[in-house]
Every structure is written in structure tokens, then in C-alpha cells.
Amino acid sequence: MEQWHEAKQYFLNATAANPNHTDALRALGETHNMLGEHRLAEKLLKDAAKLDPNCPRIWFSLGKVLETLGEYTASANCMATALQLEPTCPTLSFTSIALTFD
């Protein structure tokens, strides 16, 4: 948990230097989500989505937060937006999927 708090501070510093840096906002939102600060994560990710509405990673992260908050319809809409924006880019890396051979 200590590493998440340290990461949070780094991302806070990054967003203080550039409040419109969408990668830093997304990462800060994801960090808040991991720390259980879901409403703050939602706000940061919505801010990032306003700045860069064509970024599938932001929409995917926002969908995960909304799912955690029990807002399933909004979560599904975010996930669908992420898929529409980048249909050739999986939300999980192919290297993270277990391979099986028959």
C-alpha cells in the first residue's frame, strides 16, 4: 500500500506541473481507485476524458471505477466507448493472457 501512496505523490506532482497532462490524470485516477478513493478517481478520470475524449485507456479506467461504484450501465458505456475508440487494441495485453495448446 505504501507504494500506491508514493505513486500518488508522484502523479500529484506531475498534475501540479501540468494540470492538462492526461496520462498523469489517468494514472492518478487509477491510483486513487487502488487506494479505495473511488469518487476522487471518478472525478479525475472524467476530467481526463474531457481533455482527451479519444483515449481508450481513460474510458477503460473510468469504466472500472464505475463498476466498483456499482454504476454498471455507465461502466458498460465507458467500456463500449473504449472498444469503439480502439478496436484493434485489447484492453489486456496479449502477453497477460495464458496460452494453452491442445
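With an unreviewed UniProt entry as reference, the chain is termed Tetratricopeptide repeat protein 7B-like, source organism Glossina fuscipes. Here the chain is described in UniProt, under the heading Function (unreviewed entry), as follows: "Involved in endocytosis."

The first and last C-alpha atoms of helix 5 (residues 72–85) sit 20 Å apart over 14 residues, in line with the 20 Å expected at 1.5 Å per residue. Residues of helix 5 that are buried in the fold lie against helix 4 (56–68).

A few words on the UniProt feature "repeat: TPR" (unreviewed entry) in the chain. On the UniProt side, "repeat: TPR" (unreviewed entry) is annotated at positions that read residues 22–55 and 56–89 here. As annotated, residues 22–55 has a helix share of 79% and a strand share of 0%, and its two end C-alpha atoms lie 9 Å apart.

Taking 1.5 Å of rise per residue, the 16 residues of helix 1 (residues 2–17) would be expected to cover 22 Å, and the 23 Å separating its terminal C-alpha atoms lies within 8% of that figure. Ala7, Lys8 and Thr15 are the residues of helix 1 that are buried. Angular distribution of buried residues about the axis of helix 1 spans 105°; they occupy a single face of the element. Exposed positions of helix 1 whose direction lies more than 90 degrees from the buried face are Glu2, Gln3, Tyr10, Ala16 and Ala17. The inward-facing, buried residues of helix 1 contact helix 2 (22–34).

So, on to the pattern of salt bridges. Summed over all chains, the structure comprises seven salt bridges. For Glu42, the salt bridge goes to Lys46, with nearest N and O atoms at 3.0 Å. Taken together, the residues Glu42 and Lys46, both in helix 3 (residues 38–51) and four residues apart, mark about one turn of the helix. Classification of Glu42 by relative accessible area gives buried; the value is 8%. Across the pair Asp47 and Lys43 runs a salt bridge, and its minimum N-O distance is 2.5 Å. Placement of the pair is Asp47 and Lys43 together in helix 3, with a separation of four residues, close to one helical turn. Judged by its relative accessible area of 24%, Asp47 falls in the partly exposed class. For Lys43, a relative accessible area of 46% corresponds to the partly exposed category.

Conventions and cut-offs
Residues numbered from 1 in each chain as written. Predicted model: local features only at pLDDT ≥ 70, side-chain atom pairs only at ≥ 80, totals over all residues. Heavy atoms only, no water. UniProt positions renumbered as here; feature names shortened; annotations may be inferred. Helix = DSSP H or I, 4+ residues; strand = E, 2+ residues; numbered from the N terminus. Expected span 1.5 Å × (residues − 1). Contact = heavy atoms within 4.5 Å. Buried < 20%, exposed > 50% of the residue type's maximum accessible area, 1.4 Å probe, protein only. Arc of directions from axis to C-beta. Salt bridge = Lys/Arg side-chain N within 4 Å of Asp/Glu carboxyl O.

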